[in-house]
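Structure at a glance
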Amino acid sequence: MASVPLRTEVIRLYSRILKVGRKWQAQDINETKVERDYILEEAKLLFRKNKNLTELSEIRQRLVEAEARVTMAEHYGNPYPRPVNLPKTSFTKREGKKVGKAIQKMNEMSRPVYIRSSDDAMQKDN
């Protein structure tokens with residue numbers, strides 16, 4: 001079970017995200033309702049999906065992701081996850097199993113925290 005301060009932090013962040021979603025103004029006025037709905041639905045979906053997490057490190061990691069996504073959405077005026085730029089070396093030709101695994105590991109380590117829930121969703125679809 002999550003500790004009380006961590007639970008408070010989760011609830012505070014969820015409230016902040018809902019507030020941002022209700023007050024969101026899209027750069028294109030015609031998209032405001034669509035983006036508001038996206039923010040609110042994405043928040044509800046991800047918080048409900050993660051409500052049964054018990055490991056404190058995993059909960060903290062999800063909090064960091066949510067905080068990063070909110071901060072980036074407010075800064076860039078775009079609520080959708082930003083695309084990920086992979087390192088230059090990730091597209092070199094494979095020179096064997098060992099090099100391929102090293103590149104794969106480097107790609108995984110370079111994935112930003114704000115994209116993790118999107119990665120999880122894509123892995124489920126596959």
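Reference entry: report on the structure contained in this document. (Residues numbered from 1 in each chain as written. Predicted model: local features only at pLDDT ≥ 70, side-chain atom pairs only at ≥ 80, totals over all residues. Heavy atoms only, no water.)

1. A look at the overall build of the chain
Secondary structure summary: the chain contains five helices and zero strands in total. Starting at the N terminus and ending at the C terminus, the chain contains elements arranged as α-α-α-α-α. Buried positions account for 30% of the 126 residues belonging to the chain. Long-range contacts, defined as pairs at least 24 residues apart, comprise 66% of the intrachain contacts of the chain with a sequence gap of at least 6. With an accessible surface of roughly 9,400 Å², the chain has 55% of that area assigned to carbon and sulfur atoms. (Helix = DSSP H or I, 4+ residues; strand = E, 2+ residues; numbered from the N terminus. Buried < 20%, exposed > 50% of the residue type's maximum accessible area, 1.4 Å probe, protein only. Contact = heavy atoms within 4.5 Å. Areas by Shrake-Rupley, 256 points an atom, 1.4 Å probe, with all protein chains shown as cover.)

2. Here we look at the side chain of T32
Mapped onto the elements, T32 comes out in helix 2 (residues 32-49). You can call T32 buried: its relative accessible area is 9%. Residue contacts for T32: discarding those within four places in its chain leaves W24, Q25 and A26.

3. Observations concerning the side chain of R69
Structurally, the position occupied by R69 is in helix 3 (residues 56-76). Those residues in contact with R69 that lie beyond four places of it in its chain are Y38, E42, L46, P81, Y114 and S117.

4. A short note on the packing of aromatic side chains
Applying the stated criterion to the full structure yields two aromatic pairs. A ring pair is formed by Y38 and Y80, whose centres lie 4.6 Å apart and whose planes are at 50°; its orientation type is tilted. Of this pair, Y38 sits in helix 2 while Y80 sits in the loop between helix 3 and helix 4 (97-110), and the two are 42 residues apart along the sequence. Given the relative accessible area of 21%, Y38 is considered partly exposed. You can call Y80 partly exposed: its relative accessible area is 30%. (Phe/Tyr/Trp six-rings, centres within 6.5 Å; stacked < 30°, edge-to-face > 60°.)

5. Looking at the packing of helix 1 (residues 4-23) against helix 2
Helix 2 packs onto helix 1 with a crossing angle of 160° between their chain directions and a minimal axis gap of 7 Å. By the angle class used here, helix 1 and helix 2 are roughly antiparallel. Viewed along their axes, helix 1 and helix 2 form a crossing whose handedness is left-handed. On the side of helix 1, the interface is formed by V10, L13, Y14, I17, L18, G21, R22 and K23, while helix 2 contributes R36, I39, L40, A43, K44 and F47. Class assignment of the residues belonging to the contact of helix 1 with helix 2 gives a composition of nine nonpolar, one polar and four charged. (Axes fitted to C-alpha atoms, helices over the stretch in contact; angles between N-to-C directions. Parallel < 35°, antiparallel > 145°, perpendicular 65-115°, else oblique. Left-handed = near helix turned anticlockwise from the far one by under 90°. Nonpolar A, V, L, I, M, F, W, Y, C, P; charged D, E, K, R; others polar.)

6. Points about the nonpolar core
Core analysis: the largest hydrophobic core is formed by 13 residues, its most contacted members being L13, I17, W24 and L63. Taken together, the elements giving at least two residues each to this core come down to helix 1, helix 2 and helix 3. No other element matches the five residues that helix 3 contributes to this core. (Core = buried A, V, L, I, M, F, W, Y, C linked by side-chain atoms within 4.5 Å.)

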